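Per-entry structural report
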Amino acid sequence: MRRANLPIEIGRGPELRCRGWRQEGILRMLENTLHNGEKPEELIIYGGSGRCARNWDCFHMIVDSLKALGDDETLLIQSGKPVGIMKTSPRAPRVLTANANLVGRWATWEHFRELEAKGLMMYGQYTAGTWCYIGTQGILQGTYETFAACAKKHFGGTLKGRIVLTAGLGGMGGAQPLAVKMAEGVCITVEIDPARVERRVKSGYCDVLAKSPEDAIVIARKAAKKGEALGIAVPGNAAEVHEKFLALGFQPDVLTDQTSAHDPLNGYIPAGYSLADALELRRRDPERYMKESFAGMVRQVKAMLAFMDKGAITFEYGNNIRLNAKDHGVARAFDFKGFVPLFIRPEFCKGRGPFRWVCLSGDPKDLEATDAAVLKEFPNDRLLKTWMDMAKVQVPIQGLPSRTCWLALGERDRMGQVFNSMLREGKLKGPVAMARDHLDSGSVAQPTRETEDMMDGSDAVADWPLLNALSNASVGADLVSIHQGGGGGMGASISAGMIVIADGTDEADDRIQRSLYNDPATGVIRHADAGYQIAKDAAAAAGLVMPMAGSQ
Ligand code: NAD
């Protein structure tokens, strides 16, 4: 087995190691994903055990394959392992990947772990296995959108003077304190792992480390009273600390959670154990660990319901904690809803979602130029401007300079073509890779999150993300992926990802225009078909042909 070879050097500058920019861009995206990962030595990027390659042999083989890949060839990746290079055509994707796809009845963690232990599968999460993870910024913007929408719906447009309680400071959860601050509120985040806390405080994503729950309450109330925005971390287990908060009579205004509860074995830490003891139990007795893990989630969800009953605006942030609690006896677990039906769906209906781009030159000046171009292109988008202004100051560059912002149908392809023109005109030092989260308008079926509570009851229909991936492949996006189990864990989701690269050529213009238009268009069609009027209007305005939309 070849070894880790860390730290991974990300390719930068004009030098090509591959036979073209499409392959080189994908390679840099893979390296950047790994560079930004939570545990790069284990190829783990985020979200419990979300990986970018199955093992180090596979990683090196992928790199070698990308370097050798021709302009009319396509590399096939099966759950993080390169399995073949096909002769295709210059208009085809350069990489096709499928991660953790198990046949429905077999899509359980138990079966997945057996296959993983045999070296046959890898968990790709969303952007880990699609090689477009850009660090915490990717989720920061989405988390900001969510808290901003919550503020708009419940608190007159601002979280000023409000306290948000949550847990988990991992790859994605680490964005919460800063996102709440951007919405002007105070955030208390419970986190069991001191290393994660330290990392978030050091990187500026969180401001203060409280000594205890009591200490956190004092700091939070003081800041809220003064209307100051503040991020506070509390060490401890969420189930235990939430119960303590209840016993102390503390009541948050808003409540959610981002512990990795989607994975009861390698993610969530059970109550009643120190981190070290929990890790030892996980290694020694995985079955017992899972039992303890579910028991912890039950305690945590019961505490969340108690806060909710006393008036906290409570929502699940897509980690499946409600389903796990319900399966283990909490009948009321679904009394609180997910963040998508509560706050995000109207945006999805317009094909609006998390567009992102990575400046492959590695030059921060390219990011400045592309940031400015986006603001110039959409001068009247107030939310976009607020986010971009804050991101430029608050979001440190992690790996290759990158940016994410929410754009709708018709906006992403427009922006992509602007980037391609900028390259052609010599206004950028190097190509730009564009991608998105799988959490998007048309690219995911996840009945406890993105597709929870669909108007026509089609929550679990996964034809849509598959059509999305096929559509992206048919127009030659550079990388197209299909994942199972991302976000919510095994059996909980089917999703699709994509990357398209602007290299300044006319062919790229064509790929960008078609893929970045059709990609969100599948989302508009999906929501129009489910009966949402906003989506029907957006589809009609865009002239999308839907012969039978909304009819059963
Ligand atoms: P991660 O594994 O990187 O981090 C999880 C963190 O939770 C870790 O730091 C861990 O120490 C901590 N933790 C685990 N159990 C705990 C407990 N009982 N008490 C306190 N802390 C505990 O995962 P992540 O990438 O940050 O994602 C977290 C979860 O949120 C995942 O389930 C993910 O799918 C979900 N999520 C969903 C969305 C979405 O829907 N878009 C967005 C963000 C996160």
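All figures in this text were calculated on a predicted structure; none of them were measured in a lab. (Residues numbered from 1 in each chain as written. Predicted model: local features only at pLDDT ≥ 70, side-chain atom pairs only at ≥ 80, totals over all residues. Heavy atoms only, no water.)

**Focus: the domain arrangement of the protein**
- What the domain assignment lists for the protein is domain 1 (21-130), domain 2 (137-336) and domain 3 (345-542).
- Taken together, the contact pairs 11 residues of domain 1 with 12 residues of domain 2.
- Both sides together, the interface formed by domain 1 and domain 2 hides about 850 Å², and carbon and sulfur atoms give 49% of it.
- If you sort the residues of domain 1 by the area they bury against domain 2, E38, W109 and R113 come out on top, with a joint share of 56%.
- For the pair domain 1 and domain 2, the number of links is four salt bridges.
- A salt bridge links E38 to R196; the nearest nitrogen and oxygen atoms lie 3.1 Å apart.
- Seen at the junction of domain 1 and domain 2, the total is eight residue pairs in polar contact (both at pLDDT 80 or more). (Domains from an automatic or database assignment. Contact = heavy atoms within 4.5 Å. Buried area = accessible area lost by both parts, 1.4 Å probe. Salt bridge = Lys/Arg side-chain N within 4 Å of Asp/Glu carboxyl O. Polar contact = N/O pair within 3.5 Å; in protein donor to acceptor, adjacent residues only side chain to side chain.)

**Considerations on the sheet that holds strand 11 (residues 313-316)**
- Across the sheet, seven strands lie side by side as 8-9-7-6-10-11-12; this open sheet has parallel pairing. Of all the strands in the sheet, the pair left with one neighbour each is strand 8 (208-209) and strand 12 (337-338).
- Packed on one face of the sheet, helix 8 (residues 238-247) meets strand 6 (163-167), strand 7 (186-191), strand 9 (230-235) and strand 10 (254-255) and runs near 130° to strand 7. (Pairing = 2+ DSSP bridges. Helix = DSSP H or I, 4+ residues; strand = E, 2+ residues; numbered from the N terminus. Axes fitted to C-alpha atoms, helices over the stretch in contact; angles between N-to-C directions.)

**With respect to the packing of helix 4 (residues 137-154) against helix 12 (residues 339-349)**
- Where helix 4 meets helix 12, the closest approach of the two axes is 10 Å, and the angle between their N-to-C directions is 95°. By the angle between their directions, the pair helix 4 and helix 12 is classed as roughly perpendicular. Each of T146, A149, C150, K153 and H154 in helix 4 lies in contact with helix 12, whose residues at this interface are F339, L342, F343 and I344.
- Grouping the amino acids of the contact of helix 4 with helix 12 by side-chain chemistry returns six nonpolar, two polar and one charged. (Parallel < 35°, antiparallel > 145°, perpendicular 65-115°, else oblique. Nonpolar A, V, L, I, M, F, W, Y, C, P; charged D, E, K, R; others polar.)

**Comments concerning the environment of M122**
- Here M122 is to be found in the loop between helix 3 (109-117) and helix 4.
- Leave out the neighbours within four places in its chain, and M122 touches R51, C52, A53, R54, S79, G80, N99, A100, F112 and G129.

**Digging into helix 6 (residues 194-202)**
- The opening residue of helix 6, the one whose side-chain oxygen lies 2.9 Å from the backbone nitrogen of A195, is D193.
- Note on helix 6: the residue one or two positions beyond its end, G204, has a positive phi of about 85°.

**Let's talk about the packing of helix 1 (residues 21-35) against helix 2 (residues 56-68)**
- Direction vectors running N to C along helix 1 and helix 2 enclose 155°, while the axes themselves pass 9 Å from each other. Comparing the axis directions of helix 1 and helix 2 gives the class roughly antiparallel. Considering the relative orientation of helix 1 and helix 2, their crossing is left-handed. Where helix 1 abuts helix 2, its residues Q23, I26, L27, L30 and L34 lie against W56, F59, I62, V63, L66 and K67.
- Considered class by class, the residues forming the contact of helix 1 with helix 2 number nine nonpolar, one polar and one charged. (Left-handed = near helix turned anticlockwise from the far one by under 90°.)

**Examining unusual backbone geometry**
- Backbone geometry at E184 places phi at a positive 75°, although glycine is not the residue there.
- Topologically, E184 is positioned in the loop between helix 5 (176-182) and strand 7.
- Relative accessible area serves as the criterion here: at 37%, E184 is assigned to the partly exposed category.
- One non-glycine residue with positive phi stands out, namely D453, at about 60°.
- Tracing the backbone shows D453 in the loop between strand 16 (444-445) and helix 16 (463-474). (Buried < 20%, exposed > 50% of the residue type's maximum accessible area, 1.4 Å probe, protein only.)

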